[in-house]
Number of protein chains: 2
Amino acid sequence: MGAGRTARDKARAELTREIKDEARRQLATDGAHQLSLRAVARSLGMVSSALYRYFPSRDELVTALIIDAYNALGDAVDQADRGATPGERWRNSCTAVREWALAHRHEYALIYGSPIPGYQAPQDTVGPGTRVPLTLLGIAAAGDPPDGPVPDGLRAQLDALAGVVPPGLPAGALARVVLAWTQLFGMVGFELFGQLVGSVDPAEEFFGFAVDQMAEYVGIA
Amino acid sequence: MGAGRTARDKARAELTREIKDEARRQLATDGAHQLSLRAVARSLGMVSSALYRYFPSRDELVTALIIDAYNALGDAVDQADRGATPGERWRNSCTAVREWALAHRHEYALIYGSPIPGYQAPQDTVGPGTRVPLTLLGIAAAGDPPDGPVPDGLRAQLDALAGVVPPGLPAGALARVVLAWTQLFGMVGFELFGQLVGSVDPAEEFFGFAVDQMAEYVGIA
DNA sequence: CAAATTCGAGAGCACTGCTCTTGACCGACG
DNA sequence: CGTCGGTCAAGAGCAGTGCTCTCGAATTTG
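1. Considerations on the protein's contact with DNA strand C
Turning to step 1, where the next piece is worked out: Around DNA strand C, the surrounding shell holds 23 residues, and the nearest of these are Leu 37, Arg 38 and Arg 42 of chain A together with Ser 49 and Arg 53 of chain B.
Turning to step 2, where the next piece is worked out: Per the 4 Å cut-off to the protein, sugar and phosphate atoms form 46% of the nearby atoms of DNA strand C.
Turning to step 3, where the next piece is worked out: A distance of 3.4 Å separates a base oxygen of DNA strand C from a polar side-chain atom of Arg 8 of chain A.
Turning to step 4, where the next piece is worked out: Side-chain polar atom of Arg 38 of chain B to a base oxygen of DNA strand C: 3.4 Å apart, as the coordinates give it.
Turning to step 5, where the next piece is worked out: Only helix H1 (7-30), helix H2 (37-43) and helix H3 (48-51) of chain A together with helix H1 (7-30) and helix H3 (48-51) of chain B provide two or more residues apiece to the surface near DNA strand C.
Turning to step 6, where the next piece is worked out: Classifying every residue of the surface near DNA strand C by side-chain character gives nine nonpolar, six polar and eight charged.

2. Points about the packing of aromatic side chains
Turning to step 1, where the next piece is worked out: Evaluated as defined, the whole model comprises 16 aromatic pairs over all chains.
Turning to step 2, where the next piece is worked out: With a centroid separation of 5.8 Å and 85° between ring planes, the pair formed by Tyr 70 of chain A and Tyr 112 of chain A is classed as edge-to-face. Of the two residues, Tyr 70 of chain A sits in helix H4 (residues 58-80) while Tyr 112 of chain A sits in helix H6 (residues 105-112), which places them 42 residues apart along the sequence. One exposure class covers both Tyr 70 of chain A and Tyr 112 of chain A, and it is buried.
Turning to step 3, where the next piece is worked out: When the ring of Tyr 108 of chain B is compared with that of Tyr 112 of chain B, the centres are 5.0 Å apart and the planes differ by 35°; the resulting orientation is tilted.

3. Observations concerning the protein's contact with DNA strand D
Turning to step 1, where the next piece is worked out: Surrounding DNA strand D, one finds 23 residues, the nearest of these being Ser 49 of chain A together with Leu 37, Arg 38, Arg 42 and Arg 58 of chain B.
Turning to step 2, where the next piece is worked out: By atom count, sugar and phosphate contribute 51% of the portion of DNA strand D lying within 4 Å of the protein.
Turning to step 3, where the next piece is worked out: With respect to DNA strand D, the side chain of Arg 38 of chain A contributes an N or O atom lying 3.4 Å from a base oxygen.
Turning to step 4, where the next piece is worked out: Val 47 of chain A places a main-chain nitrogen or oxygen 3.3 Å from a phosphate oxygen of DNA strand D.
Turning to step 5, where the next piece is worked out: Residue assignment for the surface near DNA strand D shows that the elements contributing at least two residues are H1 and H3 of chain A together with H1, helix H2 (37-43) and H3 of chain B.
Turning to step 6, where the next piece is worked out: A class-by-class count of the residues in the surface near DNA strand D yields nine nonpolar, six polar and eight charged.

4. Side note on the relation of the copies chain A and chain B
Two chain copies here: they are related by a rotation about an axis and a translation along the same axis.
Turning to step 1, where the next piece is worked out: Aligned on chain B, chain A shows an RMSD of 0.1 Å; the corresponding rotation is 180° and the shift along the axis is 0.0 Å. The superposition of one copy onto the other is thereby described by a two-fold rotation axis.
Turning to step 2, where the next piece is worked out: A symmetric contact is evident, with 100% of the interface residues of chain A recurring at the interface of chain B.

5. Here we look at the domain arrangement of chain A
Residue and element names in this part refer to chain A.
Turning to step 1, where the next piece is worked out: Examined at the domain level, chain A breaks down into domain 1 (1-55) and domain 2 (63-217).
Turning to step 2, where the next piece is worked out: For domain 1 and domain 2, the distance between their C-alpha centres works out to 31 Å.
Turning to step 3, where the next piece is worked out: Across the domain 1 to domain 2 interface the summed buried area is about 710 Å²; carbon plus sulfur atoms make up 71%.
Turning to step 4, where the next piece is worked out: The largest share of the area that domain 1 buries against domain 2 comes from Lys 20, Arg 24 and Leu 27, three residues that together contribute 61% of it.
Turning to step 5, where the next piece is worked out: The interface formed by domain 1 and domain 2 includes two salt bridges.
Turning to step 6, where the next piece is worked out: Of the charged contacts in the structure, one is a salt bridge between Asp 68 and Lys 20, with a shortest N-O distance of 3.0 Å.

Calculation rules
Residues numbered from 1 in each chain as written. Chains lettered and ligands numbered in written order. Predicted model: local features only at pLDDT ≥ 70, side-chain atom pairs only at ≥ 80, totals over all residues. Heavy atoms only, no water. Near = heavy atom within 4 Å. Polar contact = N/O pair within 3.5 Å; in protein donor to acceptor, adjacent residues only side chain to side chain. Helix = DSSP H or I, 4+ residues; strand = E, 2+ residues; numbered from the N terminus. Nonpolar A, V, L, I, M, F, W, Y, C, P; charged D, E, K, R; others polar. Phe/Tyr/Trp six-rings, centres within 6.5 Å; stacked < 30°, edge-to-face > 60°. Buried < 20%, exposed > 50% of the residue type's maximum accessible area, 1.4 Å probe, protein only. Least-squares fit on C-alpha atoms with pLDDT ≥ 70 in both. Contact = heavy atoms within 4.5 Å. Domains from an automatic or database assignment. Buried area = accessible area lost by both parts, 1.4 Å probe. Salt bridge = Lys/Arg side-chain N within 4 Å of Asp/Glu carboxyl O.

Encoded structure:
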């Protein structure tokens, strides 16, 4: 079971990729609920039992798709995180989240909707899942972060968090960015899942407004 | 097919309720994904095909559960919406959302997670789904709502919304409450789905902080 | 009382995830 | 170079699913 040396290993790596690609294709069109191992195998011209040599269960395949989705979103945001001012960077990054979500609805639903496999997210997904909030934190650190008052219990959690997370933000600013983070994804999720229909949907205008408001809130001009 | 007159109609109404109750029980323990018509029927001592006399499909059963969940959450919030000041009412209502969500994880995931049946939420669910935001709007109206500047396109949407929604809030205040609404549910969803694990989980402290911040933001002392 | 409607039960279809066995193929080791 | 162990795809099969259809029995309606 070495790295990609022998022909067999190469073939295995390629097939693993092809399976994921086909699964992602079916996910994009039919949704995670409809994703079927047998249909993926059929589409690849093999029999369903052969697929189990590459993924031990359907949930493992879905988990692989989840990790890929987190990374795809992370890449999209990283690529959008450009601009002369922190404000531009913030707006561009937030917009990238929304646009990626709109362009990959089912993948977004997979990672930010109800967790389908089991109660807890697999450990492998937490790393890639932290990329976007870390980017937001970095942008906020480049601004003028305000350190408002924070209750003691929360302050302890935030201090512990500040020790793990790169940018040296004070607890108050950290709390504000976390709040903005939850707002951003709450808003995007609401738009995607039809919760805004009777109110501010189409949500583009409201999205821009909210992003600006939160930028101001976290101390970005 | 009259109202509950004959013995048959009574039995039908009762069985419909029993089916929903059993389905909700299985939903609570196993999650929406695992909810099985056949298991529900089995648990009720009948055969699966008999169940189709009461719900034409699994999705229709789930839709009924969704409506009930919206109403249960709405009831919980309505009951919690008490307090001497708008600030108390706001805090109590927001806390009721979180506590209901934590006590009914799978039901919450059903209504605020990825929509399982089809792309669009059935029309019957939008009414009950507006109860919580309407409550929040009412509380904000009892405070001192600030009318900040709002971009033109959004202003048009908000003015249209203001004509439909009871409390006479100016557009700027309306926008702020919508933002707070998305933040609240984004935060609760994040906590429930494990997104806050490496940062501010357990989230009780952060939740209180965010609720207070948003109260201030919508003009509640 | 008779006719019409509603109902539960059962069989059956197409599908799912997953397991196990059977041969074929490949790669390393003597 | 040959053998031998590991890897692989294929197929059958199991238990489960949503859903449809048919068939008697029960009940409401005329």
